[in-house]
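Here is how the chains run, residue by residue.
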Amino acid sequence: MLAVGAVAFVYTVVMAGGTLTIPLYVLWASQFGFGSLTTVIVFIAYVVGVVGTLLVAGSLSDAVGRRPVLALSLALTALSAVGFALADGLTVLLISRVLSGVATGLITATATSAIAELVRGRRTAAVLSTAANVGGLSLGVVAAGVLAQCVTAPTHTVFWCYLATCAVAGVFWLVIPETADGAAGRTVRWQPRIRRPVLPDGASRVRSFVASGVLVAASSGVNGFFSSLAPAFLRDDLGVSNFAVIGVGVGTLFISALLAQTVTPAALVRRGIGTALLAVGMIVIEAALWTHSAPLFIVGTVFAGAAVGTLLRHGLSVTDALCHPGNRAELTATYFLFLYSGLVVPVLVLGLADQAVGTRASSTMLAALVVSTALVGLALGRRTEPASTPDTFSRPSTHRTPVEENHE
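Just so it is clear, the structure is predicted and the values come from calculations on it, not from any experiment.

Chemist: Which parts of the structure should I look at to understand the overall build of the chain?
Modeler: Secondary structure assignment for the chain yields 15 helices and zero strands. For the chain, restricting intrachain contacts to residue pairs at least 6 apart in sequence, the fraction spanning at least 24 positions comes to 85%. For the chain, the exposed surface amounts to about 14500 Å²; the carbon and sulfur share of it is 69%.

Here you go:
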């Protein structure tokens, strides 16, 4: 249990580094003189770091081991925090965001695989992985918002405090054992190159995996909005100026997602339920932006967060059920490619449209894009053969029957 907790803690800390910047964008925008489109570009720099790392080094821990990659991701997120703390212009912000993205790209597949290898029971492993992932995201944005409201020089102080947390995570790393098959003997040679994303064997299994990927990509559009432009929307359109309130408002998405992952019964972790929650959440958020209602915005955020958590947990369960020990990190990296690739297009569209047609119209375009993408994923998933839910399978997970939830 100590080893599992240590991996989860390191995972949480690195993921928190990816959202510390969210409440601070409005301060940097004022300090360095940039608008919504530049904010989106800074955020996309993070996504570029994540996606590039997943493509080049997604399978790194399968070859060299989980422990070295966990250490590298923690070191890179600490380095990015130093960059943010010392930033004196847009260039340093972009470089620091790329470093933060690289750290996230390294940790996602590696920590998820390590937890799956340490924990007995696929459902427990999926819950722990998603809790650490989304829990870190929520803690990062809430803590940054509260600190920004309470301390002087928040764009510096927030990151010095985070560096202290990274040091604690480094101590936890010391008790993490190596779990990757063959890593101790370095039997697998790894070379840095752009790798083609891997898919499971069998047409039905591929459809199940891709359906889960498309759905998590759709939910990522919501994450992207909350991780980039939501603070500016809250300030400019809903009149919220308190950084702590902004942090909690944005963090509500991740907290709701975390609760959906940890307390929702396995029988309810279905694609159809996640898609329905996503549609309701986007509709309510749109209504809030059109009526300038902060309470309605929070309600919509809760629904959207529950959708994000449900679809992420389901997709991780599907991925774990379809992989085998030799390619666990590689297939998990492909799943996270869906997730982070889904951040780019919706957020870029939102940033461009916000400057061209205004907040209301641009947010409506985002909602339509997110919901339509989710419906595509749901339709694709319904073409797979019905079988047991991923949570009911037992290990090993090599070459099983098609992994899919029962049709609803």
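Chemist: I keep staring at the environment of Gly 35 and nothing clicks. Help me out?
Modeler: Mapping Gly 35 onto the fold places it in the loop between α2 (25–32) and α3 (36–57). Exposure remark for Gly 35: the relative accessible area of 34% places this residue in the partly exposed category. Separated by 10 residues in the primary sequence, Gly 35 and Tyr 25 have C-alpha atoms spaced 9.7 Å apart.

Chemist: Hey, could you run me through a nonpolar patch on the surface in this one?
Modeler: A contiguous nonpolar surface patch, about 540 Å² in accessible area, is contributed by Leu 2, Val 168, Val 171, Phe 172, Leu 174 and Val 175. A total of three residues in the nonpolar patch trace back to one element, the largest contributor, which is helix α8 (residues 154–173). Positionally, Leu 2 belongs in helix α1 (residues 2–17).

Chemist: Got a minute to help me understand the packing of α3 against helix α6 (residues 90–118) in this structure?
Modeler: Relative orientation and spacing of two packed helices are given, respectively, by the angle between their axes and the distance between those axes. The contact between α3 and α6 brings their axes to 7 Å, and the two run at 35°. Remark: the crossing between α3 and α6 carries right-handed chirality. Residues Thr 38, Ile 41, Val 42, Phe 43, Ala 45, Tyr 46, Gly 49, Val 50, Thr 53, Leu 54 and Ala 57 of α3 form the contact with α6, whose own contacting residues are Leu 90, Leu 94, Arg 97, Val 98, Ser 100, Gly 101, Val 102, Thr 104, Gly 105, Leu 106 and Thr 108. Split by residue class, the contact of α3 with α6 holds 13 nonpolar, eight polar and one charged.

Chemist: Explain α8 to me, please; I cannot follow it from the model alone.
Modeler: Compared with an ideal rise of 1.5 Å per residue, which puts 20 residues at 28 Å, α8 spans 28 Å between its outermost C-alpha atoms and is within 8% of the ideal. Along α8, the residues that are buried comprise Pro 154, Thr 155, Val 158, Phe 159, Tyr 162, Leu 163, Cys 166, Ala 169 and Trp 173. On an axial view of α8, the arc spanned by its buried residues comes to 165°, and they lie on one face. Tucked inside the fold, the buried residues of α8 contact α1, α2, α5 (66–86) and α7 (122–150).

Chemist: Quick question: what am I supposed to make of the environment of Gly 221 here?
Modeler: For Gly 221, the location among the structural elements is in helix α9 (residues 203–228). Each C-alpha atom of the pair Gly 221 and Leu 366 lies 7.7 Å from the other, and the pair is 145 residues apart in sequence.

Chemist: Just to check I follow, could you spell out the nonpolar core for this structure?
Modeler: Within soluble globular proteins, side chains that are nonpolar tend to cluster in buried spots. Of all hydrophobic cores here, the largest spans 112 residues; its most connected members are Phe 159, Phe 226, Val 250, Phe 297 and Tyr 340. Sequence-distant contacts of Val 250, defined by excluding residues within four places in its chain, comprise Ile 22, Val 141, Phe 226, Ala 230, Pro 231 and Leu 234.

Chemist: Hey, could you run me through the pattern of salt bridges in this one?
Modeler: Oppositely charged side chains may form a pair once their charged atoms are brought near each other. Within this structure, the stated rule accounts for two salt bridges. Note that Arg 66 is salt-bridged to Glu 117, the shortest N-O span being 2.5 Å. Of this pair, Arg 66 sits in helix α5 while Glu 117 sits in helix α6, placing them 51 residues apart in sequence. A relative accessible area of 1% places Arg 66 in the buried class.

Chemist: Please clarify how the packing of aromatic side chains should be interpreted in this entry.
Modeler: How two aromatic rings sit relative to each other is set out by the distance from centre to centre and by the angle between their planes. One pass over the full model with this rule turns up 12 aromatic pairs. Summarising the aromatic geometry, the rings of Phe 225 and Phe 226 are spaced 5.2 Å apart at their centres and angled 80° between planes, so their arrangement reads as edge-to-face. Across the pair, exposure class does not vary: Phe 225 and Phe 226 are buried alike. Through successive ring pairs, a cluster of aromatic residues spans Tyr 25, Trp 28, Phe 84 and Phe 159. We note Arg 67 situated over the ring of Trp 173; from NZ or CZ to the ring centre the distance is 4.2 Å.

Chemist: In this structure, what is going on with the packing of helix α12 (residues 271–291) against helix α13 (residues 294–322)? I would like to understand it.
Modeler: Axis separation between α12 and α13 bottoms out at 7 Å; the angle between their running directions is 155°. Relative to α13, the element α12 is oriented roughly antiparallel. Read as a crossing pair, α12 and α13 show a hand that is left-handed. Tallied by class, the residues present in the contact of α12 with α13 amount to 17 nonpolar, eight polar and one charged.

Chemist: Would you mind going over unusual backbone geometry with me for this structure?
Modeler: Of note in this structure, Ala 153 is not a glycine but carries a positive phi near 50°. Relative to the helices and strands, Ala 153 resides in the loop between α7 and α8. Of note, His 292 is a non-glycine position whose phi angle comes to about 55°, a positive value. Here His 292 shows up in the loop between α12 and α13. Exposure remark for His 292: the relative accessible area of 43% places this residue in the partly exposed category.

Chemist: Quick question: what am I supposed to make of the confidence of the model for the chain here?
Modeler: Keep in mind that low pLDDT regions are not for reading the predicted coordinates in detail. Put simply, the chain has an average pLDDT of 84, and 89% of its residues get 70 or more. Note that pLDDT drops below 50 for residues 385–408; the model gives that stretch 73 contacts with residues more than four away or on any other chain.

Analysis parameters
Residues numbered from 1 in each chain as written. Predicted model: local features only at pLDDT ≥ 70, side-chain atom pairs only at ≥ 80, totals over all residues. Heavy atoms only, no water. Helix = DSSP H or I, 4+ residues; strand = E, 2+ residues; numbered from the N terminus. Contact = heavy atoms within 4.5 Å. Areas by Shrake-Rupley, 256 points an atom, 1.4 Å probe, with all protein chains shown as cover. Buried < 20%, exposed > 50% of the residue type's maximum accessible area, 1.4 Å probe, protein only. Patch = residues over 30% accessible without salt bridge, like charges linked within 9 Å, V, L, I, M, F, W, Y side chains within 5 Å. Salt bridge = Lys/Arg side-chain N within 4 Å of Asp/Glu carboxyl O. Axes fitted to C-alpha atoms, helices over the stretch in contact; angles between N-to-C directions. Left-handed = near helix turned anticlockwise from the far one by under 90°. Nonpolar A, V, L, I, M, F, W, Y, C, P; charged D, E, K, R; others polar. Expected span 1.5 Å × (residues − 1). Arc of directions from axis to C-beta. Core = buried A, V, L, I, M, F, W, Y, C linked by side-chain atoms within 4.5 Å. Phe/Tyr/Trp six-rings, centres within 6.5 Å; stacked < 30°, edge-to-face > 60°. Lys NZ or Arg CZ within 6 Å of the ring centre and 35° of its normal. Parallel < 35°, antiparallel > 145°, perpendicular 65-115°, else oblique. pLDDT = per-residue confidence, 0-100.

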